[in-house]
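Examining the three-dimensional arrangement
For reference, the chains in residue letters:
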Amino acid sequence: MLRAFFDVRAEEPPNPLIPADYDIIYSSIIFVALLIVVAIFVVPRMNRALDARAEAIEGGLKKAEEAQAAASAARDEYTAQLAEARAEAARIREQARTDGQAILAELKEQAQAEAARIVANAQTQIEAERSAALVSLRSEVGSLALDLASGVIGESLSDDKKAAAVVDRFLADLEADEKAKAGK
Amino acid sequence: MLIRIVITVLLIVWLLIATRRMRIVPSRGQVANEFILGFIRNNIVIETLGEKDGKRFMAPLMAMFLLILGLNLTGTVPFFNIAGTSVIGTALVLAIVSYVMFIYAGIKKFGIKYFKNALFPAGVPWPLYVIVTPIEFISTFVLRPVTLVLRLLMNMVAGHLLLVLCFSATHFFLLTVLFTDGNLLGLLGIGTFAFGAAFTVFEILVAVLQAYVFTFLAAVYIQLSLAEEH
């Protein structure tokens, strides 16, 4: 076996650097066949697939960008609306406050007017009652005083004309006296 | 020879199925396929040549990568057991393709001035052209395809030889020495088998790596031809 092994090794091998004719021919045919397949099918298909993918990715990116832009636009709009709403609310609040103040002031004024009116009414009523009282007092005081005086002096002062003149004079004196007192 | 035909048919069928329905949102299988094709497309071709020129040379470079990868991997597949690229034919054809491509790219862009650019690089004092021009000529127009061929070929041949050596040694040690002769020295076969297993994994790495290197260099050569300054 060992001998056989070396026998095989000892045989003159063909020079591997010198190609056989068929070797070259078949290699060429094989390469050309493969080249044709690659050129006609593989490369165009692959390029198409890669281009399609790149396009899809770019399209996706663009879509995402658009969506983002839309979202941010919506957010801006929302923020603007929010700000507007806030301003509106503030405006309404301010309006309400001023309105409230105006109403309050008006009410106060009305109340004051009413109070003044009531006071005036009361005063006139008082005045009227006072004058009425004064009138009735005047006549009563006059007759009382006359009765008293007639009792005192024993003489009827029933002469109305005279009596009225005495009472009037007395009252005038009284008023003058009061006025003088108030003037002091 | 049969290996290459089988592999090519497999590759073509796979490519057609893989790219038959490419969706925008990929399925799991599509992600896996796109990983491989996308690696060639982006990491090798477009990264080296840029978007515009990359698209022009996409198909040949991709076919080149796939063919080398497929044929390299056969070195580790049971029943194939020899890399399709460990015979010089394929490597030579692909190197010629690469050679034609980068010269074509240069001529297409600069016309006949391409050779002047390549052989008489700008910014060199003219007496030095005596030295520089032959060097450039040899390195660009002779060594490039030769190194492409040899690098791929020898990597695959060496890998194949290593695997053959390890596995035939295993076979020899275990069957002949250990079982037939009863010699305990035959236990060495376990070690050689472990080596063989390790080198199988290594071969897969090398297979991918060489496919990458070959295609990448082809792309770089095209890029150098297209560049304004050399």
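Residues numbered from 1 in each chain as written. Chains lettered and ligands numbered in written order. Predicted model: local features only at pLDDT ≥ 70, side-chain atom pairs only at ≥ 80, totals over all residues.

1. Let's talk about the overall build of chain A
Convention followed: Working definition: helices are DSSP H or I runs of at least four residues, strands are E runs of at least two. Numbering for both runs from the N terminus. Three exposure classes are used, all based on how many other C-beta atoms lie within 10 Å of a residue's own C-beta (placed from the backbone): buried at 20 or more, exposed at 12 or fewer, and partly exposed between those limits.
Tallying secondary structure elements over chain A gives three helices and zero strands in all. In sequence order, chain A lays out its α and β elements as α-α-α. With 184 residues in all, chain A has 5% of them scored as buried.

2. Some remarks on the UniProt feature "transmembrane region" (unreviewed entry) in chain A
Our working definition: UniProt positions are given in the numbering used here, feature names are shortened, and annotations may be inferred rather than shown by experiment.
Annotation from UniProt places "transmembrane region" (unreviewed entry) at residues 24–43 of chain A. The annotated region residues 24–43 of chain A carries 100% helix and 0% strand content, and the separation between its end C-alpha atoms amounts to 26 Å.

3. Brief notes about the environment of Ser 86 of chain B
Residue and element names in this part refer to chain B. Note the threshold: Residue pairs are scored as contacts if the distance between their C-beta atoms, which are placed from the backbone, is within 7 Å.
Secondary-structure assignment places Ser 86 in the loop between helix H3 (58–73) and helix H4 (88–110). For Ser 86 and Leu 71, which are 15 residues apart along the polypeptide, the C-alpha to C-alpha distance reads 8.7 Å. The contacts of Ser 86, once residues within four sequence positions are left out, are Gly 75, Leu 153, Met 156, Val 157 and His 160.

4. Section: the packing of helix H1 (residues 2–18) of chain B against H3 of chain B
Residues and elements named next belong to chain B. Rules: The angle between two axes is taken between their N-to-C directions and runs from 0 to 180 degrees, where each axis is a line fitted to C-alpha atoms and a helix contributes only its stretch in contact. Just so you know how the angles are binned, under 35 degrees is roughly parallel, over 145 roughly antiparallel, 65 to 115 roughly perpendicular, and the rest oblique. Whether a crossing is left-handed or right-handed is set by the direction in which the near helix is turned from the far one by less than a right angle, anticlockwise for left-handed and clockwise for right-handed. We call Asp, Glu, Lys and Arg charged. Ala, Val, Leu, Ile, Met, Phe, Trp, Tyr, Cys and Pro are nonpolar, and the rest, Gly among them, are polar.
Running from N to C, H1 and H3 point in directions that differ by 125°, and their axes come no closer than 10 Å. Comparing their axes, H3 and H1 come out oblique. Classified by chirality, the crossing of H3 by H1 is right-handed. Contacts between H1 and H3 involve Arg 4, Ile 7 and Leu 11 from the first element and Leu 66, Gly 70 and Leu 71 from the second. When grouped by side-chain class, the residues that make up the contact of H1 with H3 number four nonpolar, one polar and one charged.

5. So, the interface of chain B and chain A
Of the residues lining the interface, 31 residues belong to chain B; the matching set on chain A comes to 27 residues. Mapped onto the side of chain B that touches chain A, the elements with two or more residues apiece are H1, helix H2 (28–56), H3, H4 and helix H6 (129–180) of chain B. Its residues assigned to classes, the side of chain B that touches chain A comprises 24 nonpolar, five polar and two charged.

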